[in-house]
Amino acid sequence: MTRAVVIGATGQIGRAAVRALAGDGWEVTAVSRGGDRDPGRPDGVRVVRADREDDAALAAAVGDGCDVLVDTVAYGPAHARQLTGLAGRVGSAVVISSVSVYEDDEGRSFDTQDRPGGFPEYPVPLTEGQRTVRPGDSSYSTRKAALERELLAAGDTLPVTLLRAGAVHGPYCRTPRELWFVKRNLDGRRRRVLAYGGASRFHPAAVGNLVELVRLAAARPGTRVLNAVDPDAPTVAEIGAAIDAVMGVETEDVLVDGPPPAEGVGDTPWSVPAPVVCAMTAAERELGYRPVSRYAETLPETVAFIERRLAGRDWREAYPQMARTYGDLFDYAAEDAWPPA
C-alpha cells in the first residue's frame, strides 16, 4: 500500500476524499480538528485529531512521511509554507483552490462584483491560462491566489496539483446554494422571481467529480493547475426546474431582465450578471479525467440532505454560514410586495 494523508477529513470534500482513496487501496490518515466524526469512514482509516494551524501537530500527523497529502482546507501563504516545509516527507500534494482566483482582462474579479459594473466578464469557457488576482491577504480570492503562488514556486521540491473548484455542491455542504430553492418549495412558495432572465450560469462542482480529480492526481504526481467543475453548467432557471422535479412540485418562474428589481427580490446564490463557465480539457488531457456525475443526477441526495438538516430548525441555525454570507435569503414580504401596485 501507499500512504495518503487527508487534511480536513470531516469536511464535505475531505470525507469523500478519504472514502475514495481508501477504496483505491491507499493507507489513509484522516486529519481534522473534530477527530472521529464520520460514522461512514471506511475500516482501516487512521484518525488523527489536529488543528492544521498547529505546525507541530500537522507534522506529527504526517509522521515519517506519506506519498500524497490532500489538503481540502488550505488558505493563504502561511498554509502553503506549512506544506512546503513538509516537502522532505511528502511525495506530492493535491490542494483545493477556487475559481474565485480568476480576474478578467479588465482586472475585475469576484472581489469587485459589488461595485457598479464590477462583475468580471470571463471568456467562455474559462481556462487555467486566464490571469488571476494579485496575491494578498485582503480576501478569500487573494489568499487562495497567494496559496497557489507559493506552492507553484516550490514545485521542484513538492509536486502539487491545485484544483480550482467551482460552486461545490452535495451532502455536508455548509453553504448549499440549492437551499434557496429547497426551502421555498418546503414553504409552499409557488412563485419565484429570477433576475437576469433566469439565465445566470455559475459553474457547479459536484463533490464526486472533485474527488475523482483528487484520486487521479494522487496517482499521477506533478505540478499543475486544473479547473474542477461539472460537465454541465445549468442556468438558474434550469437548476430550479431540476430541484422542483426532485421535490415533485410545480413552480412559476417570473423572469426579470437585468439585476434584481428590488432588495430581497430575484437574487439567488446562483445569480450572476455574466457567465462563469470553466473548461475541463486540461484535466482530461493531463489526468485522463472523465466526470462521474452530472449536476441533475446529484440533486436527489443533495435535496434530501438539506431537508433533513432543515427539519424542525430555523434555516439560520441549520446553515449559519449561509446567513452570514448572503443575509436574508427568504424575504417573502418583499417578494409578495413586488411588483409594486
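Preceding block: the structure.
Everything numeric here is computed off the predicted structure, so don't read it as measured data.

Draft legend 1. Highlighting the side chain of Thr302. Mapped onto the secondary structure, Thr302 falls in helix H9 (residues 295-310). With residues up to four places along the chain from it excluded, the contact list for Thr302 reads Gly170, Pro171 and Glu178.

Draft legend 2. Region of the structure containing a negative patch on the surface. A cluster of acidic residues, Asp51, Glu53, Asp54 and Asp55, forms a negative patch on the protein surface. Summarising the element assignment, Glu53 is placed in the loop between strand S3 (46-49) and helix H2 (55-62).

Draft legend 3. Quick look at helix H6 (residues 207-219). Taking 1.5 Å of rise per residue, the 13 residues of H6 would be expected to cover 18 Å, and the 19 Å separating its terminal C-alpha atoms lies within 8% of that figure. Counting buried positions along H6 yields 10 of 13 residues, so the element is predominantly enclosed. Listing the buried residues of H6 in full gives Val207, Asn209, Leu210, Val211, Glu212, Leu213, Val214, Leu216, Ala217 and Ala218.

Draft legend 4. Summary view of the pairing of strand S10 (residues 224-228). The buried count for S10 comes to five of five residues, which makes it a mostly enclosed element. The alternating pattern of S10 places Arg224, Leu226 and Ala228 and Val225 and Asn227 on opposite faces, both of which are buried. Where strand S6 (residues 160-165) meets S10, five bridges bridge the pair, whose relative direction is parallel. Across the sheet, residue Arg164 finds its bridge partner in S10, namely Asn227.

Draft legend 5. Summary view of helix H5 (residues 179-186). Most of H5 is tucked away: seven of the eight residues are buried. Regarding H5, the residues found buried are Leu179, Trp180, Phe181, Val182, Lys183, Arg184 and Asn185.

Draft legend 6. Fine view of the packing of aromatic side chains. For the structure shown, the criterion picks out nine aromatic pairs. For the pair Phe110 and Phe202, a centre-to-centre distance of 5.7 Å together with 65° between the ring planes defines the contact as edge-to-face. Highlighted residues: Phe110 in the loop between strand S5 (90-98) and helix H4 (140-153) and Phe202 in the loop between strand S8 (191-194) and strand S9 (204-206), separated in sequence by 92 residues. On the basis of relative accessible area, Phe110 is assigned to the buried category, the value being 14%. Residue Phe202 is classed as buried on the basis of its relative accessible area, which comes to 12%. Consider the rings of Trp270 and Tyr295, whose centres lie 6.0 Å apart with planes at 85°: the pair is edge-to-face. Here Trp270 is found in the loop between strand S11 (252-255) and helix H8 (281-287), whereas its partner Tyr295 is found in helix H9, with 25 residues between them in sequence. Feature note: the residues Phe110, Phe119, Tyr122 and Phe202 constitute an aromatic cluster, connected by ring pairs. Above the face of the Trp180 ring, Arg184 is positioned so that its terminal group lies 3.8 Å from the ring centre.

Draft legend 7. Inspection of the sheet that holds strand S2 (residues 27-32) at higher detail. Across the sheet, which stays open at both edges, the seven strands sit in the order S3-S2-S1-S4-S5-S6-S10 with parallel pairing between neighbours. Single-partner strands in this sheet number two, and they are S3 and S10. Across the sheet, the mean angle from the axis of one strand to that of its neighbour is 20°, orientation sign disregarded. Here strand S4 (residues 66-71) pairs with S5 via five bridges, running parallel.

Draft legend 8. Local environment of the pattern of salt bridges. All chains considered together, the criterion is met by 20 salt bridges. Ionic pairing is found between Arg215 and Asp24, a salt bridge with its closest N-O pair at 2.7 Å. Separated by 191 residues along the polypeptide, Arg215 in helix H6 and Asp24 in the loop between helix H1 (12-23) and S2 bring together distant segments of the chain. Judged by its relative accessible area of 25%, Arg215 falls in the partly exposed class.

Draft legend 9. Structural detail: the layout of surface pockets. What the second largest pocket holds in volume is close to 340 Å³. If you go around the second largest pocket, you meet 16 residues; those closest to its centre are Thr10, Tyr172, Cys173, Arg174 and Arg309. If you list the elements that add at least two residues to the lining of the second largest pocket, you get H1, H9, helix H10 (315-318) and helix H11 (320-326). Of all the elements, H11 adds the most residues to the lining of the second largest pocket, at three residues. In terms of residue class, the lining of the second largest pocket is built from six nonpolar, four polar and six charged.

Draft legend 10. Region of interest: the environment of Val99. Take Val99: it is sitting in the loop between S5 and H4. For Val99, a relative accessible area of 3% corresponds to the buried category. For the pair formed by Val99 and Leu163, sequence separation is 64 residues and the distance between their alpha carbons is 8.8 Å. Not counting chain neighbours up to four residues away, the residues in contact with Val99 comprise Phe110, Arg164, Ala165, Gly166 and Cys278.

Conventions adopted
- Residues numbered from 1 in each chain as written.
- Predicted model: local features only at pLDDT ≥ 70, side-chain atom pairs only at ≥ 80, totals over all residues.
- Heavy atoms only, no water.
- Helix = DSSP H or I, 4+ residues; strand = E, 2+ residues; numbered from the N terminus.
- Contact = heavy atoms within 4.5 Å.
- Patch = residues over 30% accessible without salt bridge, like charges linked within 9 Å, V, L, I, M, F, W, Y side chains within 5 Å.
- Areas by Shrake-Rupley, 256 points an atom, 1.4 Å probe, with all protein chains shown as cover.
- Salt bridge = Lys/Arg side-chain N within 4 Å of Asp/Glu carboxyl O.
- Lys, Arg positive; Asp, Glu negative; His and termini not counted.
- Charge placed at Lys NZ, Arg CZ, Asp CG, Glu CD.
- Expected span 1.5 Å × (residues − 1).
- Buried < 20%, exposed > 50% of the residue type's maximum accessible area, 1.4 Å probe, protein only.
- Pairing = 2+ DSSP bridges.
- Phe/Tyr/Trp six-rings, centres within 6.5 Å; stacked < 30°, edge-to-face > 60°.
- Lys NZ or Arg CZ within 6 Å of the ring centre and 35° of its normal.
- Axes fitted to C-alpha atoms, helices over the stretch in contact; angles between N-to-C directions.
- 1 Å grid on protein atoms, 1.4 Å probe; cavity = no way out; pocket = protein on both sides within 12 Å on 5 of 7 lines; lining within 4 Å.
- Points joined across faces, edges and corners; volume = space filled by probe spheres on them.
- Nonpolar A, V, L, I, M, F, W, Y, C, P; charged D, E, K, R; others polar.

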